[in-house]
Amino acid sequence: MHEAPPTPSPTSPAAPAEPLSHGLKQRHLTMLGLGGVIGAGLFVGSGAGIAVAGPAIVVSYLIAGALAMLVMRMLGEMSAAMPASGSFSVHAERALGRWAGFSVGWLYWFLLVVVLAVEATAAAQIAHGWVPGVEPWAWVLLFMVVFTVANLTAVKNFGEFEFWFASLKVGAIVVFLVLGGLAVFGLLPDTDPVGMTNLTGQGGFLPNGWSGVVSGVLTVVFAFGGLEVVTIAAAETDDPARAVGRAVRSAVVRILFFYVGSMLVIVTVLPWTAQQAGLSPYVKVLDAIGVPSAGQIMNIVVFVALLSALNANLYGSSRMIFSLAERGEAPRGLLRVSGGAEKGSGAEGSSGQPGGVPRRAVLASVAFGFVSVLLNLLWPDTVFLYMLNSVGAVLLFVWALIAASQLRLRARLEQEAPDALVLRMWWFPYLTWVTLAGLLGVLLVMLTDDAARPQVLWSAGATALVLLVAVGREWRERRARRDPSALTDR
């Protein structure tokens, strides 16, 4: 079993040596950055945002996207300077203390394994519609087994799955933008130029006022979750600092373009009143411009998006819990990796199989994922709903800790290792404070919204519980240092 390395100095730009392989290529990381955040939340969930904000959903996406872009820039800065498989959990520990690394790591792991159940169940429902003879639970089992096997083998298998999944999603968005743009200008057969009619009619650009824009932000901000996995995956490339820098630079602006561009096409081609929550606005636009079988085409894209998110969440959760174990914040048995690889070698074991895969960490994440799926299938409106609410606002807490960590680490790095800052946050520290204020504003607005309030309260409760455990562990260890006989073996 591998020994966990000591916690590095909070000002050290170097990551601790890790026994993970370096099987991911730059193309894997780039496409993971581009496609990792393009999911069902965009293809289907955006309809709910349009229903509350009207054409001004474009502004909602600009605000939410700007917050996500700023957080990713901060995370990219820290990850390029100090790459580690635990990413922002490691950064929080270095900047704020062990309590912060423990808390954000476990909260993010819990978020991923709970959301994994939603994705697996939704993908199973689509597959059941295509093959009614196979029950949804059987499809869930199949998906979980396939992606478990993929994540238990070489990390390059995860990279290849995500590369092609992301390529299909990005390709679908590009085709949609091209077709929608041609329809706006009346360049498709049997279409007339749309002009600005749908942007200014049906109540104007702001039919529900700025309150509608704010409600739209609450609806769409969580669709940007998933970008964080890029910085986790960077630790398994040959040149983590260079790889994460390139991936973050290429991803954030293009993703914002995909999201905002799509919404602009949708609300320009069709009146916003034609959209309904729960129905894909992409299907409605494609139907309107005469694309045959638009519904089935989009079902395939959404299906791929869900499987892609499932795969990425399984990968991200396994690496996060592995990093926690590496720092002594999770059971040490999770440190064993495949292939007998030496620390940092990424070598192949005697069996000839690629080494450096944290199989026990993968299985631990899958096990809880199976529990989540079972709860979702048996009690979707009670037990699982409470679990889902308990992670509903966790992403915002994670982003806030990323910003707080960057505030502390940037100043230290500028003094001690300025050469490590190959990717810098814009207008530091002003934009970091603006981001923190924006995240706090979103949380406060959620508290005033009847639908969103339970998520904030349950997530706050889950966060408080994890913080209590973290503080209790630190108190126990301090007491043990003063009186070694008070500490029992962990």
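Residues numbered from 1 in each chain as written. Predicted model: local features only at pLDDT ≥ 70, side-chain atom pairs only at ≥ 80, totals over all residues. Heavy atoms only, no water.

(A) Representation of unusual backbone geometry within the structure. Following F428, the chain continues to P429 via a peptide bond in cis, the omega torsion being 0°. Position of P429 relative to the elements: it lies in the loop between α17 (394-416) and α18 (430-448). Of note in this structure, S87 is not a glycine but carries a positive phi near 45°. Structurally, S87 is set in the loop between α4 (57-81) and α5 (88-96). (Helix = DSSP H or I, 4+ residues; strand = E, 2+ residues; numbered from the N terminus.)

(B) Seen up close, the packing of aromatic side chains. Tallied over the full model, the rule gives 19 aromatic pairs. Between the aromatic rings of W109 and F368, the centroid separation amounts to 5.4 Å while the plane-to-plane angle is 55°, which identifies the pairing as tilted. One end of the pair, W109, is in helix α6 (residues 98-130); the other, F368, is in helix α15 (residues 359-378), with 259 residues separating them in the sequence. Connected via pairs of aromatic rings, a cluster forms that spans F102, W106, W109, F110 and F368. The lysine or arginine in question, R27, covers the ring of F163, its NZ or CZ lying 4.7 Å from the ring centre. (Phe/Tyr/Trp six-rings, centres within 6.5 Å; stacked < 30°, edge-to-face > 60°. Lys NZ or Arg CZ within 6 Å of the ring centre and 35° of its normal.)

(C) Up close: a nonpolar patch on the surface. Together, W137, L141, V145, V149, L374, L377, L378, W379 and V383 give the surface a local cluster of nonpolar side chains, amounting to about 840 Å² of exposed area. Elements supplying a minimum of two residues to the nonpolar patch: α7 (136-152) and α15. Broken down by element, the nonpolar patch gets its largest block of residues, four residues, from α7. V383 gets classed as partly exposed once you look at its relative accessible area, which sits at 36%. (Patch = residues over 30% accessible without salt bridge, like charges linked within 9 Å, V, L, I, M, F, W, Y side chains within 5 Å. Areas by Shrake-Rupley, 256 points an atom, 1.4 Å probe, with all protein chains shown as cover. Salt bridge = Lys/Arg side-chain N within 4 Å of Asp/Glu carboxyl O. Buried < 20%, exposed > 50% of the residue type's maximum accessible area, 1.4 Å probe, protein only.)

(D) Representation of the environment of V394. By the secondary structure assignment, V394 is in helix α17. Counting along the chain gives 290 residues from V394 to V104, while the straight-line C-alpha distance between them is 9.0 Å. Ignoring sequence-local partners within four residues, the contact set of V394 consists of L107, L111 and S459. (Contact = heavy atoms within 4.5 Å.)

(E) How the structure looks around empty space enclosed by the protein. Inspection of the entire model under this criterion finds two cavities of 30 Å³ or more. Roughly 40 Å³ of internal volume is contained in the second largest cavity. Along its surface, the second largest cavity is lined by G65, A68, M69, F224, L227, V252, I255 and L256. Elements supplying a minimum of two residues to the lining of the second largest cavity: α4 and α12 (240-269). Looking at the lining of the second largest cavity residue by residue, the classes come out as seven nonpolar, one polar and no charged. (1 Å grid on protein atoms, 1.4 Å probe; cavity = no way out; pocket = protein on both sides within 12 Å on 5 of 7 lines; lining within 4 Å. Points joined across faces, edges and corners; volume = space filled by probe spheres on them. Nonpolar A, V, L, I, M, F, W, Y, C, P; charged D, E, K, R; others polar.)

(F) Spatial organisation of the pattern of salt bridges. Taken as a whole and judged by the stated rule, the model has nine salt bridges. Where R410 meets E414, a salt bridge forms, and the shortest distance between an N and an O atom there is 2.9 Å. Linking R410 with E414, this pair stays in helix α17, spanning four residues, or about one helical turn. Look at E414 and you get partly exposed, because its relative accessible area is 36%. R453 serves as the salt-bridge partner of D450, at 3.0 Å between the closest nitrogen and oxygen. Note on D450: relative accessible area 61%, which makes it exposed.

(G) Main features of the environment of M74. On the secondary structure map, M74 appears in helix α4. In this structure M74 comes out as buried when scored by relative accessible area, which is 0%. Linking M74 and V221, residues 147 residues apart in sequence, is a C-alpha distance of 17 Å. Apart from the residues within four sequence positions on either side, M74 is in contact with I402, A403, Q406, M425, T432 and T435.

(H) Up close: the packing of helix α1 (residues 26-35) against α12. Two elements in contact, α1 and α12, have axes whose closest approach is 8 Å; the angle formed by their N-to-C orientations is 30°. In terms of axis orientation, α1 runs roughly parallel to α12. The two elements α1 and α12 meet at a crossing, and its hand is right-handed. Along the contact surface, α1 presents Q26, L29, T30, G33 and L34, while α12 presents R242, A243, V244, R246, A247, S250, A251, R254 and I255. Looking at the contact of α1 with α12, its residues break down into seven nonpolar, four polar and three charged. (Axes fitted to C-alpha atoms, helices over the stretch in contact; angles between N-to-C directions. Parallel < 35°, antiparallel > 145°, perpendicular 65-115°, else oblique. Left-handed = near helix turned anticlockwise from the far one by under 90°.)

(I) Layout of the layout of surface pockets. Taken as a whole, the largest pocket holds about 1,500 Å³ of empty space. Around the largest pocket sit 49 residues that line it, and G41, V115, T219, F222 and A223 are the ones nearest its centre. Secondary structure elements with two or more residues in the lining of the largest pocket: α2 (40-43), α3 (46-53), α6, α10 (209-220), α14 (294-326) and α16 (383-390). The dominant element in the lining of the largest pocket, judged by the number of residues it contributes, is α6, at six residues. Looking at the lining of the largest pocket, its residues break down into 31 nonpolar, 14 polar and four charged.

(J) Broad picture of the side chain of T237. Within the fold, T237 resides in the loop between α11 (229-233) and α12. Under the relative-accessibility criterion, T237 is labelled buried at 3%. In this structure T237 touches H22, L24, L29 and A243, once residues within four positions along its chain are discounted.

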